[in-house]
Amino acid sequence: MTTQQQLRLDDGRTVTCTSPAEARMLWNEMIADGYYRQAAATLRPGDLAVDIGANIGLSAMMFAETRPGVRVIAAEPAPATFDCLHRNMEAHVPGGVALEVAVGAASGVLPFTWYPRATANSSLYADREADDDATKTFLRNSGLPDDAISLITRGLHDGEQIDVEVTTVSAILAQEDPVAEIGVLKIDVERAEFDVLLGITESDWPRIRAVVAEVHDHDGRLAEFCEVLNLHGLTSRTRQDPSLAGTELHEVYAVRA
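Our subject in this report is the structure included herewith. (Residues numbered from 1 in each chain as written. Predicted model: local features only at pLDDT ≥ 70, side-chain atom pairs only at ≥ 80, totals over all residues. Heavy atoms only, no water.)

**A few points about the nonpolar core**
Part 1 of the argument: Counting 35 residues, the largest nonpolar core has Ile52, Leu185, Ile187, Val211, Phe225 and Leu229 as the members making the most contacts within it.
Part 2 of the argument: Among residues more than four places away in sequence, those in contact with phenylalanine 225 are Ile187, Glu193, Phe194, Leu197, Ala213, Val215 and Val252.
Part 3 of the argument: Among the nonpolar cores identified, the runner-up in size contains 34 residues, and Leu43, Ala60, Val72 and Met89 belong to it. (Core = buried A, V, L, I, M, F, W, Y, C linked by side-chain atoms within 4.5 Å. Buried < 20%, exposed > 50% of the residue type's maximum accessible area, 1.4 Å probe, protein only. Contact = heavy atoms within 4.5 Å.)

**Describing the sheet that holds strand β12 (residues 249-256)**
Part 1 of the argument: Strand order in this open sheet of seven strands is β5-β4-β3-β9-β10-β12-β11, and the pairing throughout is mixed. Of all strands in the sheet, those with a lone pairing partner are β5 (97-99) and β11 (234-239), marking the two edges. The average angle at which neighbouring strand axes cross in this sheet is 15°, direction not considered.
Part 2 of the argument: Of the strand pairs in this sheet, strand β9 (residues 182-187) and strand β10 (residues 210-216) are connected by three bridges, and their pairing is parallel. Looking at the pairing, isoleucine 187 lines up with alanine 213 of β10.
Part 3 of the argument: In the packing of helix α4 (residues 79-92) onto the sheet, contacts are made with β4 (71-75) and β5, and the angle to β5 comes to roughly 175°. (Pairing = 2+ DSSP bridges. Helix = DSSP H or I, 4+ residues; strand = E, 2+ residues; numbered from the N terminus. Axes fitted to C-alpha atoms, helices over the stretch in contact; angles between N-to-C directions.)

**Concerning the sheet that holds strand β8 (residues 160-167)**
Part 1 of the argument: Spatial ordering of the open sheet is given by β6-β8-β7, a layout of three strands whose pairing is mixed. The outermost strands of the open sheet, each flanked by one partner alone, are β6 (102-103) and β7 (108-114).
Part 2 of the argument: Across seven bridges, the pairing between β7 and β8 is antiparallel. Paired with proline 111 across the strands is aspartate 163, a residue of β8.

**What to know about the pattern of salt bridges**
Part 1 of the argument: A full pass over the atoms with the stated rule returns 17 salt bridges.
Part 2 of the argument: In this structure, arginine 209 engages aspartate 47 in a salt bridge whose closest nitrogen and oxygen atoms are separated by 2.5 Å. Of the two residues, arginine 209 sits in the loop between α8 (193-198) and β10 while aspartate 47 sits in the loop between α2 (35-41) and β3 (48-52), which places them 162 residues apart along the sequence. Accessibility assignment for this pair places arginine 209 and aspartate 47 in one class, buried.
Part 3 of the argument: Taking the shortest distance from any N to any O, the salt bridge between arginine 128 and aspartate 158 comes out at 2.5 Å. (Salt bridge = Lys/Arg side-chain N within 4 Å of Asp/Glu carboxyl O.)

**With respect to helix α3 (residues 58-66)**
Part 1 of the argument: With seven of its nine residues buried, α3 lies for the most part within the structure.
Part 2 of the argument: By the burial criterion, the buried members of α3 are Leu58, Ser59, Ala60, Met61, Met62, Phe63 and Ala64.

**Quick word on unusual backbone geometry**
Part 1 of the argument: Positive phi values are uncommon outside glycine, yet asparagine 55 reaches one of about 55°.
Part 2 of the argument: Along the chain, the position of asparagine 55 falls in the loop between β3 and α3.
Part 3 of the argument: Positive phi values are uncommon outside glycine, yet aspartate 219 reaches one of about 55°.
Part 4 of the argument: Positionally, aspartate 219 belongs in the loop between β10 and α9 (221-231).

**Things to note about the packing of aromatic side chains**
Part 1 of the argument: One pass over the structure, following the stated rule, counts one aromatic pair.
Part 2 of the argument: The interplanar angle of 40° and the centroid separation of 5.6 Å between the aromatic rings of tyrosine 35 and tyrosine 253 together place this pair among those described as tilted. Of this pair, tyrosine 35 sits in helix α2 while tyrosine 253 sits in strand β12, and the two are 218 residues apart along the sequence. Each member of the pair, tyrosine 35 as well as tyrosine 253, carries the same accessibility label: buried.
Part 3 of the argument: Sitting over the ring of phenylalanine 194, arginine 221 keeps its end group 4.5 Å from the ring centre.
Part 4 of the argument: One Lys or Arg, arginine 239, reaches over the ring of tyrosine 35 and ends 5.9 Å from the middle of that ring. (Phe/Tyr/Trp six-rings, centres within 6.5 Å; stacked < 30°, edge-to-face > 60°. Lys NZ or Arg CZ within 6 Å of the ring centre and 35° of its normal.)

By themselves, these are just geometric observations and shouldn't be taken as functional.
The following block contains the structure:
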């Protein structure tokens, strides 16, 4: 059983997590001047911020604090991670909605791999070897020696298989708010990001003003992801953090003109 822990952020707030070290790393990503922060700055009161792959809710918290009056809907399928998300949303995201679901191309039930020691890498499409390699590359780029890297990554991606409910973006919107404008759709779902786009109906695309996503560029998937956004009127740009150079991980930020 995974034990819940607490992390006190620099601003004095306390969040519930399964790993303070992982939570600290994720929060540092949220407060950095990257695409997530840029997307949050464009939110307007009354917007929806839809957080797909919310983990423990740190991005949801960042959206809510950046623009009060935004309603945040956050989805996370792994039960232990979702419990942290639910607690953090209740504490720090007024009016927020936490959903214990994965999000993909169609509704159903699918096997999901949860990594207790690396929850942010959990996925419908987990690949232990690729996840190990990406983590090692990130740590090497961050200046850690190989012996430390081997120690940190040993058993890091030992996964547990669970069945999870899967829904779509459009099904969430129909249930939670069929009319509000989506100021930002955030997608961080570890290789399932293209599936998320496939689950958006043609009638819902015009409601989406911005998309910010992590995309795994495997077999040209980054270009395909951006092409779908462009076809639906969103102009996209991409970047790769220097710490992720040599991995397939890229960030996408797309906005409607």
